[in-house]
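Survey of secondary and tertiary structure
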Amino acid sequence: MAKERKRRTSSTRSTTKKAPARRSRSGSKTNRLKKDLIIFSMVLTMVAMVVFGYFMGKHEATIESNPHTLLQKSTSENKALFESLEALKQERALKEKKKEEELAQQRQAMQQNEREKATLQAQNRQEQKKMTKKKQELSYPEDVVHDEETITASKSKKPKLVIIIDDVSSKSQLNAIFATGLKLTPSLFPPYHLSPSNHKLAEGLRHYMIHLPMESGTVFDKQEKTLMVTDTPEMIEERVRELRSLFPTARFVNNHTGSVFTGHYLAMERLYRALLKEGFVFVDSRTIAGSKVPQIAQKYAQRYIARDIFIDNKHSVSSIHKQLKQAVKIAQKRGYAIAIGHPHEVTLQALASAGEILKEIEIIYIDELYPPKAGR
């Protein structure tokens, strides 16, 4: 037993000692493999460097063998590049020049337009001044209506004077008329673009007229729906029906301008007939001496009513007072007279200060001079 234990112990010891020897041999093999790989890598690297050096040397030899060709190629390429740049520069310069020329043309065109516009505006201002001057200097016929042209209204002991104020188109004008304290008869424009609610001025008024725009001559204040001699009977009748709708209580209508229309027999007869149909009485403003209204009124057996004198062709108090004196003389001679003025400030001032001139006559409204007939 003791011998067996010794053998086992000795065999165990021998086994324990041999194990490290095996590990040593395996580790040496691994180290040798690593060394072989490193050597192989170094050899490959050297071979690659040799090959690379060979090709690099060959390329350098090629370059060194053709230096003139390389220089020519470089010069040609540079020349082409410079030419391309020069072409681009020239093209850009042309574009800039063209753009500047276009801008210059646009500036010239704009300046020309401005000059033309300024010239046109100056011409328009000049024309407007001329028109304004003509209107201010416009003198309607001041001839007195002859007795034979007038069916005389009933005369009373004190002469009567009707003063119609034309061209009324605002409440302020009406207020200025009322402020005179005189029985002035306002003649209202029908509605138009500058005063679309003009018909409302008649609301609450007992004494007023309609001032109807009609075709005139060269100095022509043409408003919306101005009656023209070329209007058909239907157009004229439609306009008169519209007036009746706008001014249901109106009786009298007089013409605004209208020298062409009232001098045209056919057109004026159409209007006169349409006015009669709607219950209107036409008052001839006599803007032309050759008015056809007297003959038409006679044809329809109607009283011819017309103004006798304009009081404010000249805008000064002294001139208006002079015309008022003439109107008073007509009234004293015939028993009545009809004068027409406008809502100018100077006209209303002259009327308000004309007490001494007007003391011998009675100023009345036109519907008091020509009251409606029984049943109408």
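Residues numbered from 1 in each chain as written. Predicted model: local features only at pLDDT ≥ 70, side-chain atom pairs only at ≥ 80, totals over all residues. Heavy atoms only, no water.

All right, on to the pairing of strand E3 (residues 209-214) then. Counting buried residues along E3, six of its six residues qualify, which places the element largely inside the surrounding structure. Side chains of E3 alternate between two faces, with Met-209, His-211 and Pro-213 and Ile-210, Leu-212 and Met-214 buried alike. Bridge count for strand E2 (residues 184-188) against E3 is two bridges, and the pairing is parallel. Across the sheet, the residue bridging to Ser-187 is Met-209, located in E3. Of the strand pairs in this sheet, E3 and strand E4 (residues 252-257) are connected by five bridges, and their pairing is parallel. Looking at the pairing, Ile-210 lines up with Val-253 of E4. (Buried < 20%, exposed > 50% of the residue type's maximum accessible area, 1.4 Å probe, protein only. Helix = DSSP H or I, 4+ residues; strand = E, 2+ residues; numbered from the N terminus. Pairing = 2+ DSSP bridges.)

Among the nonpolar cores identified, the biggest contains 56 residues, and Ile-163, Leu-188, Phe-261, Met-268 and Leu-271 are the most heavily contacted of them. Leaving out residues up to four positions away in the same chain, Leu-188 has contacts with Val-168, Leu-174, Asn-198, Leu-201, Ala-202, Leu-205, Tyr-208, Met-209, Ile-210, His-211 and Phe-247. Listed in part, the 14 residues of the second largest apolar core include Ile-305, Ile-364, Leu-369 and Tyr-370. (Core = buried A, V, L, I, M, F, W, Y, C linked by side-chain atoms within 4.5 Å. Contact = heavy atoms within 4.5 Å.)

This part is about unusual backbone geometry. Phi is positive for Asp-167, close to 65°, though the residue is something other than glycine. As for its position among the elements, Asp-167 is in strand E1 (residues 160-168).

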